[in-house]
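Tertiary structure, described
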Amino acid sequence: VTAITLKRSRNELKHLASILQGVYLDLAPIHLSPGSSREQAAALLGVCEIGNDDADLLCNNLGLDPIGQLARTGHSVLSLDQEIGQCVEMAARVASKYPNVTPISIDGSVWAGAGASDSQELGAVLSAGVLWVRALLAAGFDLDEISNKIEITLTAGPDQFMTTAKIRAARVCWAQVITACGGTPSKAAVTIHAETSQAMMTKTDSWVNMLRTTAACFAAVVGGADAITVAPFDSAAGLSNNTGIRLARNTQLILQEETKLSSVIDPAGGSWYVEELTDQVAHSAWKVFQDLESQGGLGAALLAGYWQGSLSETRSKRLKAVVHRSTPLTGTSEFPYLDEQKLEREQLPESLSAPKGEPRCEPVPLFRWSAPFEQMRDAVDTSTEEPVLFLANLGDIATHTARSTFAMNLFEAGGIRVLNNDGFDNAADCVKAFVASNTHIACICSSDSTYSESAIQTARDLRSAGASLIYLAGTPEVLTNAATNIDGFIYLGCDVLKALAPIHQILE
C-alpha cells in the first residue's frame, strides 16, 4: 500500500504513535477518514513530526469534513458555520508549517451511501467545494492554492462507464468553478480520491464483490482518479480478515502493474461514448449544484431537510429498481446460491460514543442495495422450518423451462428452496408429485396456451391436495379468471418483495 487511512482515530498522541509503530510515514502517509475531528488531526501531525525534520515530506490528509460528519450523525457541537470557521483556522495554521498536508476533505460517499445518483453525488461535492472556496478565500488563501488544500472523494460503482464519466466530469466541473471564481484551472487541479462503493457490496455470495470492486477500480483508473481505495470483498460481512485485505490491495497492484493504465493520460479520451457520457454527467451534476446553491448551498439544504428529501426520492427509485430486478445483483437477486458457506467475520466495532453536540438535522441513512434480499434470506435462516416450493411444471421441458428457470431464480433470491422437475403430462401426475414432495407451496409453470387449457384445474387440484399458497409464472393477464385460484403471479418486472411476502408471513 502507498497510504493508510485511519477510521475513528484516537485523540491521544501516545496512543496513535503506538498504533503506527513500524509504519514508515515517509513511504506510506497516514490519512484520516473524512469527518475526523481537529483533535484527531492535531494528534496525527504530532506523530508525524516525531523523527521527521523536513515538514515538506509530510503529505497527510487530515480529513476535516464537518458537513459530511453532520450528515452522518445529525449532530454537531457547534453550528455548521462555526465548525467550518474553526476548520479554516486550522487549515491556515497547517498551511504555514506543512505546505503539502491536505486539511480539507469533501466526501461524496456520504451521499452515495444514502442512495444518491452519480449526478447528485457530484453536484453535492461541487456545492461543498464552493463553500470551502468561499471560506478559504475569506481567510486569505490564494485562489490557485485552495485546490491543494482540498481532496474530493467520489465512489466507484459497478457501472464501469458511469464511474469513469463521473470522475472525468468532476474535473470538468471543478475547472468551471475555478474559472467562475477568477482563477486558472491549470494551476488549481483538485485531488480526486476514488473508493469502491459500499452500497454495492453484498453479504450473500460475497465472493462476487471481488468482481464488483475490480470493475470499479478499473473504471476509476480510466477516469483519472489520483488515489483509489478498494474495499475488501468481505467488508459487508463485518471486520475484514487478512485474506480480504490482501486481495483488496492486490486488486490495485495488478491493475497498476499489469495494465499500465496509470501510465496513460486520460485512457478514455477520444472515445465518443465516454466523452458524450462525461458531458451528460457534467451537465446533470451542474444542475444539481445550481439547485443546491439556490437553497443557500449544501449546508443550508442539509439543515433545512431539503437535501435529505431529494436523496430519499432517488433512493426510493433505486430501491424499486432493485426489488423489481431491473437492477440485478448477481448472487443476491439473480443466480442465488442457497447452499453457500456464509462468511464468519467479527462484527465491526460500534461507535465509541453517542453523537456529540446538539441535534441539528436529520441524518442521512447508510444503505446497501442487497439489504432487502438479505433480510429475506436471514428470516429463512432463523425460522424453525425451511420453506420449500414445488414447481408444478406442465408439459415437456421446452414448454415450461423458460418460466420454471425464471421462477426458481426468483424464489431462491428470497431464500425459498425450490424443487424443480422435468415436467408432467397432466395435472393428475403433477398433483401426485406435489403430495409426495411434502410441501405446501406450489408455482405453476408452462406456456400461455397450456395455462388456458389446464392451469385453473391444476390449481384447484393442488389446493385440494393441501397447497396453502399457489403461484403462477406469468402476468395476471395470461389468466384473467384465476383470481380465486391463484394467490400470486411472478413475472419479469414484478415486485419480488411483495410477491414473496405471503411466504414470509407464514414463516413469521
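Only a predicted model underlies this, so the values are computations on that prediction, with no experimental measurement involved.

**Description of the nonpolar core**
Formed by 93 residues in total, the largest nonpolar core has its most connected members in Ile 67, Trp 111, Trp 132, Ile 150 and Trp 307. Sort the elements by how many residues they give to this core and helix 6 (residues 118-138) lands first, with 11 residues. Ignoring anything within four residues of it in the chain, the contact list for Ile 67 reads Leu 80, Trp 111, Ala 128, Leu 131, Trp 132, Leu 298 and Leu 302. Counting residues in each nonpolar core, the second largest holds 49 residues, with Cys 443, Tyr 451, Ala 473 and Phe 489 among its members.

**A few points about the pairing of strand 3 (residues 61-64)**
What you see with strand 3 is no split at all: Asn 61 and Gly 63 on one side and Leu 62 and Leu 64 on the other are buried throughout. In terms of strand pairing, strand 3 meets strand 5 (residues 102-107) through two bridges, oriented parallel. Bridging across to strand 5, Asn 61 finds its partner in Thr 102.

**Side note on the packing of helix 16 (residues 427-437) against helix 17 (residues 448-464)**
Viewed as axis vectors pointing N to C, helix 16 and helix 17 meet at an angle of 30°, and their least axial separation amounts to 10 Å. Compared by their axis directions, helix 16 and helix 17 come out roughly parallel. The hand of the helix 16/helix 17 crossing is right-handed. In contact with Ala 427, Cys 430, Val 431 and Phe 434 of helix 16, helix 17 contributes Thr 458, Asp 461 and Leu 462.

**Topic: the sheet that holds strand 14 (residues 488-490)**
Spatial ordering of the open sheet is given by 11-10-12-13-14, a layout of five strands whose pairing is parallel. Sheet topology places strand 11 (417-419) and strand 14 at the edges, where each strand pairs with a single neighbour. When the angles between neighbouring strand axes are averaged without regard to direction, this sheet yields 30°. Here three bridges tie strand 13 (residues 469-473) to strand 14, and the two strands are oriented parallel to one another. Looking at strand 14, one finds that Ala 473 is bridged to Ile 490. Packed onto the sheet, helix 18 (residues 496-507) meets strand 12 (441-445), strand 13 and strand 14 and runs at close to 160° relative to strand 13.

**Overview of the packing of helix 6 against helix 11 (residues 272-294)**
Interaxial distance between helix 6 and helix 11 falls to 7 Å at its minimum, and their mutual angle equals 55°. Here helix 11 runs oblique to helix 6, going by the angle between their axes. Classified by chirality, the crossing of helix 11 by helix 6 is right-handed. The residues of helix 11 that touch helix 6, namely those facing Ser 119, Gln 120, Leu 122, Gly 123, Ala 124, Leu 126, Ser 127, Val 130 and Arg 134, are Val 281, Ser 284, Ala 285, Trp 286, Val 288, Phe 289, Leu 292 and Glu 293. For the contact of helix 6 with helix 11, the residue count by class is 10 nonpolar, five polar and two charged.

**Some remarks on the environment of Gly 309**
Tracing the backbone shows Gly 309 in helix 13 (residues 306-323). The class of Gly 309 is partly exposed, set by a relative accessible area of 31%. Spatially, the C-alpha atoms of Gly 309 and Val 364 are 9.8 Å apart, while their sequence positions differ by 55 residues.

**Brief notes about the side chain of Arg 168**
Within the secondary structure layout, Arg 168 lies in helix 8 (residues 160-180). Taking the relative accessible area as the measure of exposure, Arg 168 reaches 9% and is therefore buried. Within the structure, Arg 168 has its side chain in polar contact with the side chain of Glu 275 (distance 3.3 Å). Contact partners of Arg 168, with chain neighbours within four places excluded, come to Gly 223, Asp 266, Ala 268, Gly 269, Val 274, Glu 275 and Thr 278.

**Some details on the pattern of salt bridges**
Throughout the structure, instances matching the rule amount to 21 salt bridges. Among the salt bridges present, the one from Arg 171 reaches Asp 226, with a minimum N-O distance of 2.8 Å. Of this pair, Arg 171 sits in helix 8 while Asp 226 sits in the loop between helix 9 (209-223) and strand 8 (227-229), and the two are 55 residues apart along the sequence. When salt bridges with common partners are traced through the structure, they connect Asp 118, Glu 121 and Lys 166 into a single cluster.

**Re helix 6**
The end-to-end C-alpha separation of helix 6 is 30 Å, in line with the 30 Å expected for 21 residues at 1.5 Å each. Just past helix 6, the residue Gly 140 takes up positive phi, approximately 100°.

**Structural notes on helix 10 (residues 242-259)**
Spanning 18 residues, helix 10 covers 25 Å between terminal C-alpha atoms, matching the ideal 26 Å at 1.5 Å per step. Residues of helix 10 that are buried include every one of Gly 244, Ala 248, Thr 251 and Leu 255, and no others. Down the axis of helix 10, the buried set is contained in an arc of 50°. They therefore lie on one face. Of the residues in helix 10, the exposed ones pointing more than 90 degrees away from the buried face are Asn 242 and Glu 258. Of the surrounding elements, those touching the buried residues of helix 10 are helix 9. You can read the cap of helix 10 off the contacts: a side-chain oxygen lies 3.2 Å from the backbone nitrogen of Thr 243, and it is on Asn 241. Among the residues trailing helix 10, Lys 260 stands out with phi positive, at a value near 60°.

**Comments concerning a nonpolar patch on the surface**
Side chains of Phe 161, Trp 272 and Tyr 273 sit close together on the surface and give an oily, nonpolar patch of about 390 Å² of accessible area. In this fold, Phe 161 is placed in helix 8. For Phe 161, a relative accessible area of 38% corresponds to the partly exposed category.

Conventions we followed
Throughout, residues of each chain are indexed from 1 in the direction in which the sequence is written. With the structure being a predicted model, the display of local features is reserved for residues of pLDDT at least 70 and the display and counting of side-chain atom pairs for 80 or more, all residues being used for whole-chain, interface and lining totals. Only hydrogens and water are removed before side-chain values are computed, so all heavy atoms of the structure are retained for them. Side-chain atoms within 4.5 Å are what join buried Ala, Val, Leu, Ile, Met, Phe, Trp, Tyr and Cys residues into a set we call a nonpolar core. Only protein chains enter the accessibility calculation, which uses a 1.4 Å probe; a residue whose area is less than 20% of its type maximum is buried, one above 50% is exposed, and one in between is partly exposed. A run of H or I in DSSP becomes a helix once it reaches four residues, and a run of E becomes a strand once it reaches two; helices and strands are each numbered from the N terminus. Here a residue-residue contact requires only that any non-hydrogen atoms of the pair lie within 4.5 Å. Should DSSP find at least two bridges between two strands, the strands are regarded as paired. All axes are obtained by fitting lines to C-alpha atoms, using only the stretch in contact for helices, and the reported angles, taken between N-to-C directions, cover 0 to 180 degrees. Working definition: roughly parallel below 35 degrees, roughly antiparallel above 145 degrees, roughly perpendicular at 65 to 115 degrees, and oblique for all remaining angles. Crossing handedness follows the turn of the near helix against the far one: under a right angle anticlockwise gives a left-handed crossing, and clockwise gives a right-handed one. Polar here means any residue other than Ala, Val, Leu, Ile, Met, Phe, Trp, Tyr, Cys and Pro, which are nonpolar, and Asp, Glu, Lys and Arg, which are charged; Gly is therefore polar. For this analysis, a polar contact is any N or O atom pair within 3.5 Å, provided that within protein one partner can donate a hydrogen and the other can accept it, and provided that sequence-adjacent residues contribute only side-chain to side-chain pairs. Put simply, a salt bridge is a Lys or Arg side-chain nitrogen that is within 4 Å of an Asp or Glu carboxyl oxygen. Here, expected helix span is obtained from the residue count minus one, scaled by 1.5 Å. This arc corresponds to the set of directions leading from the helix axis out to the C-beta atoms. Only residues whose relative accessible area exceeds 30% and that form no salt bridge enter a patch; like-charged residues are grouped when within 9 Å of one another, and nonpolar side chains (Val, Leu, Ile, Met, Phe, Trp, Tyr) when within 5 Å. Where accessible areas are quoted, they stem from the Shrake-Rupley method and a 1.4 Å probe; at the residue level, only the protein chains shown are allowed to cover.

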